[in-house]
Amino acid sequence: MNAPRLGGTTIGASGGTRRRFLGSFANYAFALPALVLFLMFVAYPILWVIDESLNPADGAGLSMSAYSAVLSDSVFWTALWNMTVWGVITIPVQMAIGGLIAYFIERHTFVLRGFFRTMFFLPVVTSVSVVAIVWVQIYAPYYGVGQEYLKYIGVHLSNSPLGDPHMAIYALIVVNIWQWTGFSMLMYIAGIANLPTEVLDAAKVDGATGWRLGLHVVIPMLAPATRSLLLLGVLGTLQTFPIVQLMTVGGPNHASEVFGTFIFKESFILNDAQKGGALSVIVLVLALALSLIQIFVFGARLAPTKGEA
Amino acid sequence: MRPRLSAFVIHLALFVVLAFWMAPQVYMVSIGLRTPAQAFDAQLVTWPMTLSNFATVLRDNPLGRIFLNSLIVTATTVVIVVAAASAFAFACSVLRLRGTLALYTTLLTTLMVPIASIVLPLAVLIKHFGWVNSYLGLIFPYAALGVPFGIVILKAFLDDSPRELFDAARVDGCSAFQTYWHIALPLVRPALTFVAIWQFIVSWNEFFLALIVLTEPEMKTLTIVPMQYSGLYMANPGALFAILTLVALPLILLYVLVQRAFVNGLLSGAVKG
């Protein structure tokens, strides 16, 4: 992309109407790079999947057959259920652990504050492919360290939970929580650091201390951060792919299938662009609907900022 | 509880939780430091340690080249995202060009698009442009997917800036570009830093597109090589985990270096209740 070329144009330039028109028109160059990127690599692909999902390979005109094929496929319902479980568990758990850690770091540490903030965030910056292989090793029977330590609390497994159809999805969820709790922590740190001290002091004067201060003053005041995390959590859940692809490939026998792995299988392994497209459209509509509901009904924001989103 | 005692208990608790949280990373490094005889021991840390795995994998694999691939793709993406997002936010928030607010809302839908649902057309598009196994095949899609988040952050920042600054620039005869370059960009610097670092993390670790676009071994990025090595070094976990450590290390080190700027950027623009 070229940098916008804008020599000589002025903001709402004074001078003749013609100059002002040219000036403001040239100013659109500022918006152009972002717009071109969006049209080519987001809008066009979306239109492409919609088109592809409606056009059978044999060229027999428009058809909804791919959608009925998806909806009658039991794997789709497994994936939908897994995504629901994923969101319902990971989002609140990451919020709770991340929020508690953030609260104690911000309110009770001074010298080591930067150290704790950084260390708890490291899993977020660790490449997911590394995370996947390390956790496969942790879960492994005989030589995996996870199973070894679970024995101390009386849990004996004979196989890797990743190979068990009833446990695979939960084993993956644990990894997701481990990796992303640091993100929730950081969002809450931003919220806590910006809490008005006068309100906290006033609450303390009124006798709210310790747990009561946290429960009745801090948590309600962190509602904007919580709403952002809920929105980002839902979107993140629907984005889930690498961790599952790398650790179970959606198995065993589709037990841990998520939308990402299902789309990948249909589109790239089975080369069924029509079904893959229909699936993509369904996930896209789901993501848009869930986001818009949160934005307009709950006033959630996409980013931890003061601006509208 | 007395304040000093409670501070001690809280620090202790944080260290205990942290120890659990760091266990997977410790385990990773520790397996990389093992001799073949200890490689399959079900223990977090074993003695004695050896660096021979690291020497072996660095000698036998083009990790430098792969690191360079990641660096080129990521750095270019970051530059494009920062430039395009700040320019758009400027057009929308400062110049207030007609139609840009509607465009802003449209661009935001990008944040709601799961990559999985557009990865197939992106693959087709990249093939059409002849960008398979080329840096461009990752740079442009990453930039397109990253720009909207940058716009959200930077626009909020600019919306919050004192309007008089921009009015004064206009009165003084600054061109739009001069205003953007000399006033808007320095003003939003903490936010720019935040956006750049976050984009760096996201692009560096992106997996789905990289898996599809990069098939030639010498073009691969750090994120996708652990997969191929997990097969190659199946019987030699020491070597595999040495590679994993080397793959994870650059971004961890970078984050430690820039974390202060990253958190400050987040704090300066963050939720105020």
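Sequence order as written defines the numbering, with residues in each chain counted from 1. Chain labels run from A onward and ligand labels from 1 onward, assigned in the order the entries are written. For a predicted model such as this one, the threshold for reporting local features is a pLDDT of at least 70, and the threshold for listing and counting side-chain atom pairs is 80 or more; totals across whole chains, interfaces and linings nevertheless cover every residue.

1. Side note on the overall build of chain A
Here is step 1 of the chain: When helices and strands are counted, chain A shows 14 helices and zero strands.
Here is step 2 of the chain: Counting all 309 residues of chain A, 47% fall into the buried class.
Here is step 3 of the chain: Contact between two residues is assigned when their C-beta atoms, built from the backbone, lie within 7 Å. Long-range contacts, defined as pairs at least 24 residues apart, comprise 68% of the intrachain contacts of chain A with a sequence gap of at least 6. In DSSP terms, a helix is any run of H or I states spanning at least four residues, a strand is any run of E spanning at least two, and both are numbered starting from the N terminus. Put plainly, a residue is buried at 20 or more neighbouring C-beta atoms within 10 Å of its own, exposed at 12 or fewer, and partly exposed in between, counting only other residues' C-beta atoms, which are placed from the backbone.

2. A look at the nonpolar core
Here is step 1 of the chain: Within the largest apolar cluster, 167 residues are counted, with the highest numbers of intra-cluster contacts made by A:Ala34, B:Ala84, B:Ala85 and B:Phe88.
Here is step 2 of the chain: A total of 16 residues in this core trace back to one element, the largest contributor, which is helix H6 (residues 136–159) of chain B.
Here is step 3 of the chain: In this structure, A:Ala34 is in contact with B:Ala84, B:Ala85, B:Phe88, B:Leu107, B:Val147 and B:Ile151, ignoring residues within four places of it in sequence. What makes a nonpolar core is a set of buried Ala, Val, Leu, Ile, Met, Phe, Trp, Tyr and Cys residues, with links drawn between C-beta atoms within 7 Å.

3. Digging into the domain arrangement of chain B
Here is step 1 of the chain: Domains are outlined according to an automatic or database domain assignment. Assigned domains of chain B: these are domain 1 (3–50) and domain 2 (64–224 + 254–268).
Here is step 2 of the chain: Each of domain 1 of chain B and domain 2 of chain B was reduced to a C-alpha centroid, and the two centroids are 36 Å apart.

4. Some words on the interface of chain B and chain A
Here is step 1 of the chain: In this complex, chain B contributes 90 residues to the contact, which on the side of chain A involves 91 residues.
Here is step 2 of the chain: Throughout this entry, Asp, Glu, Lys and Arg are counted as charged residues, while Ala, Val, Leu, Ile, Met, Phe, Trp, Tyr, Cys and Pro are counted as nonpolar. The remaining residues, Gly among them, count as polar. Considered class by class, the residues forming the side of chain B that touches chain A number 68 nonpolar, 16 polar and six charged.

5. Re the domain arrangement of chain A
Residue and element names in this part refer to chain A.
Here is step 1 of the chain: Assigned domains within chain A: domain 1 (17–63) and domain 2 (67–297).
Here is step 2 of the chain: Placing the centre of domain 1 and that of domain 2 at their C-alpha centroids yields a distance of 33 Å.
Here is step 3 of the chain: Contacts between domain 1 and domain 2 engage eight residues on the former and seven residues on the latter.
Here is step 4 of the chain: A class-by-class count of the residues in the side of domain 1 that touches domain 2 yields five nonpolar, two polar and one charged.

6. Topic: helix H9 (residues 197–205) of chain A
Here is step 1 of the chain: Across the nine residues of H9(A), zero count as buried, placing the element largely on the outside.
Here is step 2 of the chain: With its phi angle positive at about 95°, A:Gly207 sits one or two positions after the end of H9(A).

7. A short note on unusual backbone geometry
Here is step 1 of the chain: With phi around 70°, A:His254 is a residue other than glycine that occupies positive phi space.
Here is step 2 of the chain: Of note, B:Arg96 is a non-glycine position whose phi angle comes to about 50°, a positive value.
Here is step 3 of the chain: In this fold, B:Arg96 is placed in the loop between helix H3 (63–93) and helix H4 (100–108).

8. Points about the environment of B:Phe90
Here is step 1 of the chain: With respect to the helices and strands, B:Phe90 occurs in helix H3.
Here is step 2 of the chain: In sequence terms B:Phe90 and B:Tyr255 are 165 residues apart; their C-alpha atoms lie 28 Å from each other.
Here is step 3 of the chain: For B:Phe90, the contacting residues outside a window of four places in its chain are A:Phe30, B:Leu95, B:Leu158, B:Tyr180 and B:Ala184.

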